[in-house]
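# Descriptive structure summary
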Amino acid sequence: MKQADIYEHADRSILENCTICPRECMVNRFDGGEGYCGMNAGLNIASICIHRGEEPVISGKDGICNIFFAGCNLNCIYCQNQEISQRSLLVDDSGMDLNTVLDKISEILSRGITAVGFVSPSHVAPQVKVIIKGLNSRGLRPVTVYNTNSYDKAETLRSLSGLIDVYLPDYKYVTPELGLKFSDAPDYPDVALKAIKEMYYQKGSTLRTDEKGSAENGMLIRHLVLPGHADESKKVLLSIAEELSPGVHLSLMSQYHPTPRVMNVSDLNRSLYREEYESVVEFMNSLGFRNGWVQDMDSYQNYRPDFRREHPFE
Ligand code: SF4
């Protein structure tokens, strides 16, 4: 099957003149990966593996089948997955075809894993649809998790409605200067808020779980506290409480770890101090958030992937 044939007409058209994400590069991705994300119209998968390191409600007892996409539509200078998010550092641009991908996922699901996570999917939403529909055509209906940086267009998210069971969006900053400085996206706060509101519109505050406590449907907002930026974290939490509801499910994360790229960036070149993290937790409680998870301060060592290995997180 030719690459273009795996897509429905509307998605083929959008890939020919790409406006999938807010960058709106208008490049033909069938001609290569010349847009900001650097990715062509292929599936662009860097790794498919079982991952046990997400929140308990996402990983479940046995782990989630995570599909890590190569490339990204943000350029976060502190990215913890930079081996695969930056084209120049890609460790496995394997060009897997759809059947190979579906075979790999099917094999993992046959081991009793019940959820499939799409990690960094904002620039490959049509590819996500193709994979989900391919699994469905094989009679497989895993819980689908959209694990996104939230630099998503609301209309792209609307096109995923009915296919995604659980949204797992980051909410990184509310200050445009930080969006520019850290992620090369001054419009990140505006875009992310609109995207998360669309996810909230689709799912509401409830995070429905099965009898084992694994998420089946809903939304869980993630926020990574950055060293030296506890005040920004508090503004993010305030924004969620005011613009959505303190009843949403939240995952507050302390796992930040400096990578070589930020060794000369003040504050980002260190781990989080316990007292700054605790001040954010205290503020979160004062706003009335009551659903979700607060990562403990010693977790960062569990979350550092090595994508050169077959099992990057183990
Ligand atoms: S998905 Fe990639 S090519 Fe398309 S608009 Fe976004 S950054 Fe540009």
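Here, every reference points to the structure presented above.
Residues numbered from 1 in each chain as written. Predicted model: local features only at pLDDT ≥ 70, side-chain atom pairs only at ≥ 80, totals over all residues. Heavy atoms only, no water.

Attention now moves to the site of the ligand. Every residue close to the ligand is listed here: Cys-18, Cys-21, Arg-23, Glu-24, Cys-25, Val-27, Arg-29, Gly-35, Tyr-36, Cys-37 and His-123. Of the residues in the shell around the ligand, the class split is six nonpolar, two polar and three charged. (Near = heavy atom within 4 Å. Nonpolar A, V, L, I, M, F, W, Y, C, P; charged D, E, K, R; others polar.)

Once that is clear, we can look at the packing of aromatic side chains. Under the criterion given, the structure shown has eight aromatic pairs. Where Tyr-146 meets Tyr-167, the ring centres are 5.9 Å apart and the plane angle is 80°; that geometry is what we call edge-to-face. One end of the pair, Tyr-146, is in strand β4 (residues 143-148); the other, Tyr-167, is in strand β5 (residues 166-169), with 21 residues separating them in the sequence. For Tyr-167, a relative accessible area of 0% puts it in the buried group. Ring-pair connections join several aromatic residues into one group, and the members of that group are Tyr-78, Tyr-151, Tyr-173, Phe-182, Tyr-188 and Tyr-256. Seen from the ring of Tyr-36, Arg-23 lies directly overhead, with NZ or CZ sitting 3.7 Å from the centre. Here the basic side chain of Arg-270 rests over the ring of Tyr-273, its NZ or CZ set 3.7 Å away from the ring centre. (Phe/Tyr/Trp six-rings, centres within 6.5 Å; stacked < 30°, edge-to-face > 60°. Helix = DSSP H or I, 4+ residues; strand = E, 2+ residues; numbered from the N terminus. Buried < 20%, exposed > 50% of the residue type's maximum accessible area, 1.4 Å probe, protein only. Lys NZ or Arg CZ within 6 Å of the ring centre and 35° of its normal.)

Attention now moves to the environment of Arg-52. Among the structural elements, Arg-52 can be located in the loop between β1 (45-51) and α2 (56-59). Each C-alpha atom of the pair Arg-52 and Leu-163 lies 23 Å from the other, and the pair is 111 residues apart in sequence. Here the side chain of Arg-52 touches Asp-62 through a polar contact of 3.5 Å, landing on its backbone oxygen. (Polar contact = N/O pair within 3.5 Å; in protein donor to acceptor, adjacent residues only side chain to side chain.)

What follows concerns the environment of Pro-142. Within the element layout of this structure, Pro-142 appears in the loop between α5 (125-137) and β4. For Pro-142, a relative accessible area of 12% corresponds to the buried category. When the C-alpha positions of Pro-142 and Lys-194 are compared, they lie 27 Å apart, and in sequence the two are 52 residues distant. For Pro-142, the residues in contact, after removing those within four places along its chain, are Leu-109, Thr-114, Ala-115, Val-116, Leu-135 and Asp-165. (Contact = heavy atoms within 4.5 Å.)

Structurally, Lys-104 is set in helix α4 (residues 98-109). Spatially, the C-alpha atom of Lys-104 lies 7.6 Å from that of Ile-48, the residues being 56 residues apart in sequence.

Glancing now at the pattern of salt bridges. The final tally for this structure, using the stated rule, is 15 salt bridges. Note that Asp-170 and Lys-172 form a salt bridge whose closest N and O atoms lie 3.4 Å from each other. Lys-172 shares its class with Asp-170; the two are buried. Across the pair Asp-190 and Lys-194 runs a salt bridge, and its minimum N-O distance is 3.2 Å. Separated by four residues within a single helix, Asp-190 and Lys-194 lie in helix α8 (residues 188-203), roughly one turn from each other. The class of Asp-190 is partly exposed, set by a relative accessible area of 44%. Several salt bridges converge on common partners, so that one network encompasses Glu-54, Glu-55 and Arg-222. (Salt bridge = Lys/Arg side-chain N within 4 Å of Asp/Glu carboxyl O.)

Along an α-helix, a turn takes 3.6 residues, which lines up residues three or four apart on a common side. Its 13 residues give α5 an end-to-end C-alpha distance of 18 Å, which sits within 8% of 18 Å, the value for a rise of 1.5 Å per residue. For α5, the tally of buried residues reaches 10 of 13 residues, placing the bulk of the element in the interior. Two residues or fewer past α5, Gly-139 is found with a positive phi of approximately 85°. (Expected span 1.5 Å × (residues − 1).)

This brings us to α8. Spanning 16 residues, α8 covers 22 Å between terminal C-alpha atoms, matching the ideal 22 Å at 1.5 Å per step. Turning to α8, its buried residues number three or more, namely Tyr-188, Pro-189, Val-191, Ala-192, Leu-193, Ala-195, Ile-196, Glu-198, Met-199 and Lys-203. Packing partners of the buried residues in α8 comprise β4, α6 (154-158), β5, α7 (176-183), β7 (215-224) and α9 (230-243). Backbone geometry just downstream of α8 places Gly-204 in the positive-phi region, at approximately 70°.

What follows covers unusual backbone geometry. The phi torsion at Asp-184 lies on the positive side, around 60°, for a residue other than glycine. Position of Asp-184 among the secondary structure elements: in the loop between α7 and α8. Asp-184 sits in the partly exposed class, given a relative accessible area of 32%. For Asp-267, which is not a glycine, the phi torsion comes out positive at approximately 75°. Note that Asp-267 resides in the loop between β8 (249-253) and α10 (274-286). By relative accessible area, which is 28% here, Asp-267 ends up partly exposed.

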